[in-house]
Amino acid sequence: MEFAFTDEQQMIAETARAFFAENATSARTRAAMEHDGIDVVLWRDFCVELGFSGIAIPESAGGAGLGLVELAILAEAAGAHVAALPMLGSLMLAAQAIAAGGSAAQRTAWLSGLLSGETIAAFVEDAMLEVRDGKLTGGSGFVAHGAQAELFVVTDGSGAWLVRRDAESVFVTPQMTMDQTRPLAEVRFDGASTEALAAPAEGLAAANRAALVGLAAEALGGAQASLERTADYARERVQFGRPIGSFQAYKHRLADMMVEIEQARSAVYWAACAVDEGSEEAPLALHAAKSFAADTAFRCAADMIQLHGGIGFTWEHDAHLFFKRARSIQTLLGKGDWHREKIATMILGEAA
Amino acid sequence: MEFAFTDEQQMIAETARAFFAENATSARTRAAMEHDGIDVVLWRDFCVELGFSGIAIPESAGGAGLGLVELAILAEAAGAHVAALPMLGSLMLAAQAIAAGGSAAQRTAWLSGLLSGETIAAFVEDAMLEVRDGKLTGGSGFVAHGAQAELFVVTDGSGAWLVRRDAESVFVTPQMTMDQTRPLAEVRFDGASTEALAAPAEGLAAANRAALVGLAAEALGGAQASLERTADYARERVQFGRPIGSFQAYKHRLADMMVEIEQARSAVYWAACAVDEGSEEAPLALHAAKSFAADTAFRCAADMIQLHGGIGFTWEHDAHLFFKRARSIQTLLGKGDWHREKIATMILGEAA
Amino acid sequence: MKLGFSQADEHFRQECADWLNGQMAGEFRDIKGITKLTGSPERRKEWEKQLAAHRWSCIGWPEQWGGRNATLAEQVIFAEEYARAGVPGRVNHIGIELAGPTILTFGTEEQKQRFLPGIAAGETIFCQGFSEPNAGSDLAGVRTKGRLEDGEWVVNGQKIWTSLAHISDWIFVVTRTEEGSQGPRGLTFLMMPIDQPGIEIRGIRQINGDAEFNETFFTDARCPADSYIGGVGEGWKIAMGLLAFERGVSTLGQQMGFRNELDEIVAAAKANGAANDPLIRQRIARAEIGLRLMRYGALRMLSNTDHSRMDGAALTYKIQWATWRRDLGELGMDVLGQAGEVTAHRDYEWDTLPNLFLFSRADTIYGGTNQIQRNLIAERGLGLPREPRWTA
Amino acid sequence: MKLGFSQADEHFRQECADWLNGQMAGEFRDIKGITKLTGSPERRKEWEKQLAAHRWSCIGWPEQWGGRNATLAEQVIFAEEYARAGVPGRVNHIGIELAGPTILTFGTEEQKQRFLPGIAAGETIFCQGFSEPNAGSDLAGVRTKGRLEDGEWVVNGQKIWTSLAHISDWIFVVTRTEEGSQGPRGLTFLMMPIDQPGIEIRGIRQINGDAEFNETFFTDARCPADSYIGGVGEGWKIAMGLLAFERGVSTLGQQMGFRNELDEIVAAAKANGAANDPLIRQRIARAEIGLRLMRYGALRMLSNTDHSRMDGAALTYKIQWATWRRDLGELGMDVLGQAGEVTAHRDYEWDTLPNLFLFSRADTIYGGTNQIQRNLIAERGLGLPREPRWTA
């Protein structure tokens, strides 16, 4: 029992933090926002130069064979800079689903492209999906980076299928999205050809675990960055003849952010460890981590705006990037209330 | 349209405030707590010397013929001192029910005793009450001042009956109660003789309106007193070499109390006015006032404890009297969630 | 204490409603329902003139200056019906609600004659130059300088958050006219024409993609020597007086806008089933309660005849509505779900509820942050000691 | 990063559980499930001795002083099993968790020999004299005076909130020993026997009717000249070091008590139907999440090998648990409804959940109020500037 990073994990964290600090700059992220929401160079460097894309993929499937703790470390570092990357769709969802649930052929066909960053994938959930003769009809209006994807992993909650973007009867419409660093798209299938994932339950479970941990870690990184940037501002900005960080009410609000963040940090790494160690706490931990960390990120980013005063409300300042990202994390993969209700059901049973 | 006290209302308010400030002292309230939760002398003076007991009872029934605004003024003043009086059971519920729903004979039989303070009444709600051959079976474990009452107004939500304490098959057990200024009792009827209220719908409606306004006003008074006492303390108490009221975080917390209280004040007098003027907003206003003011009182009393530090946690300090009273107001006549759900139903319809 | 309106008031309500609805169904139907302050500015300037032509532009003002001497109840009613009819907000809000009353209260007879008719007629649009880049909520930290030179004020400096400056004709500016003065002393309240070489306006893009606010730069900007209100060096007093007008009857019109927003949330919740969620139901009920309490708080504030004293209802009003509306923005998004995170517009432009979510983050900042409001409440409302002076 | 326990740890867990459950089913079954700190003090002193007799009283201490040199994992396990078995809290908590480690860290060899065996054996019960009536959360404001006279310290003054002083044998007292000194300077940390004419203890009745806390009056109270820990004038340093021990392994035992409280709420909700209320379900889920996050926060804190630095998890722990437990008290009452407002006891005495509701109001006050905690977090954790000095 040692709830602290190993030396190797510490090294990964430092490398990732330095990489995003240097490269995922506001200017580059904003350029990606104006384009299609992906900083292509950043993505290639992340996948290839650093070789981080396969961190939580088994070595047998071409990955590094590490776990969700390491994935969380990367996602936290990316979230701290609102990096415009397709990590959620490509790595946390699609690559995990294929690595855990794909046949050998499917793994061979897709994983190397996903891990090299050349192929971008997106995840489409539609509980009402119709499957007839191996053709899919249905879709979703809210597919993260759906307009940039060449591959869709599609699920109705129990089955899972792979659909190529260039297949017939696949219709993709980009949507102007509040969080421009991870734009949504409408993806519709009207009898699209498909290939079933070999072991859908395993694939979906792996994707779900990785995505919940990954989003929670991204939220944690955003929250921590919101706090740090606001604390920096508070030490420098002078008003009424004093640094505003010397005002007690201001200090207390930053302290409250830190209290939340420390809990979010425990939640994220608890969930990651619980999954990696196969603990029976894992399902509860995943619900806890996603709901808690997302709310923490939202609160901290909102406080960043508030505590910066007028400047925090401008487009020019980065506060809104964190704010919008936090909001999108709240609604992706189940809102907080939904996750908490799942926990309540574990404790209390279904409501009568 | 003039949402301010008239000169007469202002006079009533000043009289009531002075009366309670002079007489409803901590020492007298604590003496009542050790006994049965009623300051008998205070009650007699309130009813007879000041003649305030009949303020919202029609002149034809021996009252002053004023309305719920005036009743709220009195309840607010009483609440500001956590006065140990049976106002809720005797005046807001029983006297209102009998004045509005009683036959001439029932009014004659009971009102003068209730208004003189000689007869104390309590209100018993039991949705499962059984009525057979004019005999009641049922009761409640949570009857305010039930152990001191000579008369019970009993309801199952639609019918209403009068039961004398000294009737056969009436069993009353005092309960040690968290709020000792308004102790609860268990009241059980096992085929008790009774007399039906002549017009139960009118009687219950009047009692419900008066009690919701009255409790909300009491809560408002308690909240305001919690704020004022804490602000006084903050100006005087020195810590770290400064009056603690000069600490910004402390100030902001008091400011937040005031923000809540000002809203509670609007709620209470809006509801009272809406009832008095027969406005169609009255039902919504009653739910709003009760739920909002009760929560305000709880929050302010809790903050009073917190902001007094250790001393606020002692039995000797009065903070706990306000805290416990506020808690009891929250649960009396429907919790906040219940009232808000009623409002939601007005706006959204029943949930599917 | 009385909440009901008289029969005469109800007739007046009908008159307001009839006229406003007629306008919104007729000549001005193209501007009905615009919620953004920046929408269709030219048409809305015409609307200001239309209001004036029918003597609806400033009904609370004296008849002499184009008003109707309307009673409080009438002003309340007009504000309510105005918003109920879906009429967009007044682009000359600052002129009618702030500059006009300030001139009426503190101006000279000559200034009244110079400014009031134009404001009342909808021909003079005003904006407000209070905040500065390095002063934020701290009005006493004003650095923009004014000096008298050859019978004119010459102003240099920078204002920020000057809402609608880009469509305004005049700006009132708090300037530091006493060299070396500090804090609230040495300030003067000047009225300046905007269309001059010394004033440059740059829009500030906000997080919702819109640009209601501006930076306004003064480089040897000029106005005549008699352009100050009150007295030279009395700018603080005038500015404080003006801020008190912000809590006037217009708050009720503002609330009707809030009502429209809440109604839209209710409609969305009914449409998409969120209305069945018990948690959403509680929050909608809380929002409804909060809105009603704002209304009755405003009526208490306005019924208070002792205007010399800032009472509780008035002191707490700003933080109350700002916080309520920020929460409403979050509620709206939670009702919409992911649908609220995409827009059908090509550009980064948002419909009512997502825009509310984004824009309302400014409500708790401009016009004095929630933090500043709490200071005011604690110090003025509760008499708590002021912050100690800073000795680094 | 690893959360699981080794197989050896799991064997140790079994050993702990077996012994503790055996005790609670056997000789000490009468004290099982007592939650109030004031319940059955005499029997609980016997329990301290029983723990010592089986070398369970201070397992984290070195073997030399009666401990087991237990690893972190073992200490975690023992704390968890202790609470899980329904064993009441340690009446010598202060001795074992605070006084002992302080003496181990800062005491002389002679002091270790004088005090540690008695503490380890459950024969010396300690209490803590930090707070004073006019200092509240402000330890630097200590006024209780100590002076050396004829080879003894003579102490005069008053301490407050001395939990369990009435059943303790020794008290450690922060005294001002340098005449005229201010703030953290000039303080000395003294160990004093309680049973002497110069010390008087008066219980303070609390809002729950109970009296765990005391006022302690010192009137020429005495102890030998060598009773100070650290050095004369170094009391502040020792007190700060001691407070750091408060965030030790005992927090995990405390959390198991919280677990029992939450479980009781869950059981009540299932029994009375509150478990079907979606709002209650959300709150129970939040409470469960909060409790888990406290556990993993504590494990992070304890796994942090760099003990010299107060890291985030440690700084935020107090406000986190205190706030969580206060909310839990409210949740418990909301689950119980009006049934929580009456007690079956004749006197003003409350069962677990109503008592939690009342007592937990103190959690956010003692040991540094939430306000003080936020100051600490902001200044030490975030490096924000200190409050300015007060210049009335």
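Per an unreviewed UniProt entry, chain C is named Acyl-CoA dehydrogenase, and its organism is Novosphingobium lindaniclasticum LE124. Word for word, the UniProt comment on chain C under Sequence similarities (unreviewed entry) is "Belongs to the acyl-CoA dehydrogenase family." Here is the UniProt Cofactor (unreviewed entry) comment for chain C, exactly as written: "FAD".

Looking at an unreviewed UniProt entry, chain A carries the name Acyl-CoA dehydrogenase, with the source organism given as Novosphingobium lindaniclasticum LE124. Annotation of chain A in UniProt includes, under Cofactor (unreviewed entry), the sentence "FAD". For the record of chain A, the UniProt heading Sequence similarities (unreviewed entry) holds the text "Belongs to the acyl-CoA dehydrogenase family."

The subject of this paragraph is the overall build of chain C. If you tally the helices and strands in chain C, you get 11 helices and 9 strands. At 21 Å, chain C has a C-alpha radius of gyration in line with the 21 Å of a compact globule built from 392 residues. With the principal axes as the frame, chain C shows a C-alpha extent of 70 × 55 × 50 Å. Within the span of chain C, comprising 392 residues, buried residues form 60% of the whole. Just so you have it, chain C exposes about 15200 Å², and 48% of that area is on carbon and sulfur atoms. One way to put it: in chain C the 44 positive side-chain charges average out to a point 5 Å from where the 51 negative ones average out.

One frequently used descriptor of interface size is the decrease in accessible area upon assembly of the parts. Taken together, the contact between chain C and chain A spans 44 residues of the former and 37 residues of the latter. A buried area of about 3600 Å², summed over both sides, lies between chain C and chain A, and 62% of it is on carbon and sulfur atoms. At the surface where chain C touches chain A, the tally comes to 2 salt bridges. Here Glu-341 of chain C ties to Arg-327 of chain A by a salt bridge, and the two come within 3.8 Å at their closest N and O atoms. The tally of links from chain C across to chain A stands at 14 residue pairs in polar contact (both at pLDDT 80 or more). Those elements giving two or more residues to the side of chain C that touches chain A turn out to be α9 (312-336), β9 (342-343), α10 (352-359) and α11 (370-381) of chain C. The element that contributes the greatest number of residues to the side of chain C that touches chain A is α10 of chain C, accounting for 4 residues. Where strand β7 (residues 176-177) of chain A lies against β9 of chain C, 2 bridges are found, and the strand directions are antiparallel. Within β9 of chain C, the residue paired with Met-176 of chain A across the bridge is Thr-343 of chain C.

At the junction of the two partners, chain B supplies 53 residues and chain C supplies 47 residues. Summed over both sides, the interface between chain B and chain C buries roughly 4500 Å², with carbon and sulfur atoms accounting for 64% of that surface. By the criterion of area lost to chain C, the three top residues of chain B are Met-1, Phe-3 and Leu-348 of chain B, representing 19% of everything that side buries. Summed over the shared surface of chain B and chain C, the result is 5 salt bridges. Linking Glu-341 of chain B and Arg-281 of chain C is a salt bridge whose minimum nitrogen-to-oxygen distance equals 2.9 Å. Scanning the region where chain B abuts chain C turns up 28 residue pairs in polar contact (both at pLDDT 80 or more). At the level of secondary structure, the elements contributing two or more residues to the side of chain B that touches chain C comprise α7 (200-236), β11 (242-243), α8 (248-276), α9 (282-308) and α11 (336-348) of chain B. The element contributing the most residues to the side of chain B that touches chain C is α8 of chain B, with 17 residues. Residue classes in the side of chain B that touches chain C are distributed as 28 nonpolar, 11 polar and 14 charged.

This paragraph deals with the UniProt feature "domain: Acyl-CoA dehydrogenase/oxidase N-terminal" (unreviewed entry) in chain A. UniProt marks residues 6-118 of chain A with the feature "domain: Acyl-CoA dehydrogenase/oxidase N-terminal" (unreviewed entry), using the numbering shown here. For the annotated span residues 6-118 of chain A, helix accounts for 67% and strand for 0% of the residues, and the straight-line distance between the end C-alpha atoms is 32 Å.

The next subject is the nonpolar core. Phe-20, Phe-46, Phe-152, Phe-189 and Trp-270 of chain A together with Trp-47 of chain D are the most contacted members of the largest nonpolar core, which has 215 residues in total. Contact partners of Trp-47 of chain D, with chain neighbours within four places excluded, come to Trp-19, Leu-20, Gln-23, Met-24, Phe-28, Ile-31, Tyr-82 and Val-87 of chain D.

Moving on: the sheet that holds strand β6 (residues 170-174) of chain A. Residue and element names in this part refer to chain A. Taken in spatial order, the 4 strands line up as β2-β3-β8-β6 in an open sheet, and their pairing is antiparallel. Where the open sheet ends on each side, the last strands, each with one partner, are β2 (130-132) and β6. Ignoring strand direction, the axes of neighbouring strands in this sheet form an average angle of 15 degrees. Pairing geometry for strand β3 (residues 135-144) and strand β8 (residues 184-193), over 8 bridges, is antiparallel.

A side chain of one charge can pair with a side chain of the opposite charge if their charged atoms are brought near each other. Going through the model one piece at a time under the given rule, you end up with 94 salt bridges over all chains. For the salt bridge of Asp-318 of chain B with Arg-30 of chain B, the shortest nitrogen-to-oxygen distance reads 2.8 Å. In this pair, Asp-318 of chain B is assigned in the loop between α9 and α10 (319-331) and Arg-30 of chain B in helix α2 (residues 26-34), connecting sequence segments 288 residues apart. Several salt bridges share partner residues, and in doing so they unite Glu-10, Arg-13, Glu-80, Glu-81, Arg-84 and Arg-295 of chain C into one network.

Glancing now at the domain arrangement of chain C. Residue and element names in this part refer to chain C. For chain C, the domain assignment lists domain 1 (7-91), domain 2 (126-233) and domain 3 (247-381). Of note, the centres of domain 2 and domain 3, computed from C-alpha atoms alone, are 29 Å apart. With 8 residues of domain 2 at the interface, the matching set in domain 3 holds 11 residues. Interface area for domain 2 against domain 3, summed over the two sides, is near 680 Å², with a carbon-plus-sulfur share of 62%. The interface formed by domain 2 and domain 3 includes 0 salt bridges. The interface formed by domain 2 and domain 3 contains 1 residue pair in polar contact (both at pLDDT 80 or more).

Analysis parameters
- Residues numbered from 1 in each chain as written.
- Chains lettered and ligands numbered in written order.
- Predicted model: local features only at pLDDT ≥ 70, side-chain atom pairs only at ≥ 80, totals over all residues.
- Heavy atoms only, no water.
- UniProt positions renumbered as here; feature names shortened; annotations may be inferred.
- Helix = DSSP H or I, 4+ residues; strand = E, 2+ residues; numbered from the N terminus.
- Rg over C-alpha atoms; globule rule 2.2 N^0.38 Å.
- Buried < 20%, exposed > 50% of the residue type's maximum accessible area, 1.4 Å probe, protein only.
- Areas by Shrake-Rupley, 256 points an atom, 1.4 Å probe, with all protein chains shown as cover.
- Lys, Arg positive; Asp, Glu negative; His and termini not counted.
- Charge placed at Lys NZ, Arg CZ, Asp CG, Glu CD.
- Contact = heavy atoms within 4.5 Å.
- Buried area = accessible area lost by both parts, 1.4 Å probe.
- Salt bridge = Lys/Arg side-chain N within 4 Å of Asp/Glu carboxyl O.
- Polar contact = N/O pair within 3.5 Å; in protein donor to acceptor, adjacent residues only side chain to side chain.
- Pairing = 2+ DSSP bridges.
- Nonpolar A, V, L, I, M, F, W, Y, C, P; charged D, E, K, R; others polar.
- Core = buried A, V, L, I, M, F, W, Y, C linked by side-chain atoms within 4.5 Å.
- Axes fitted to C-alpha atoms, helices over the stretch in contact; angles between N-to-C directions.
- Domains from an automatic or database assignment.

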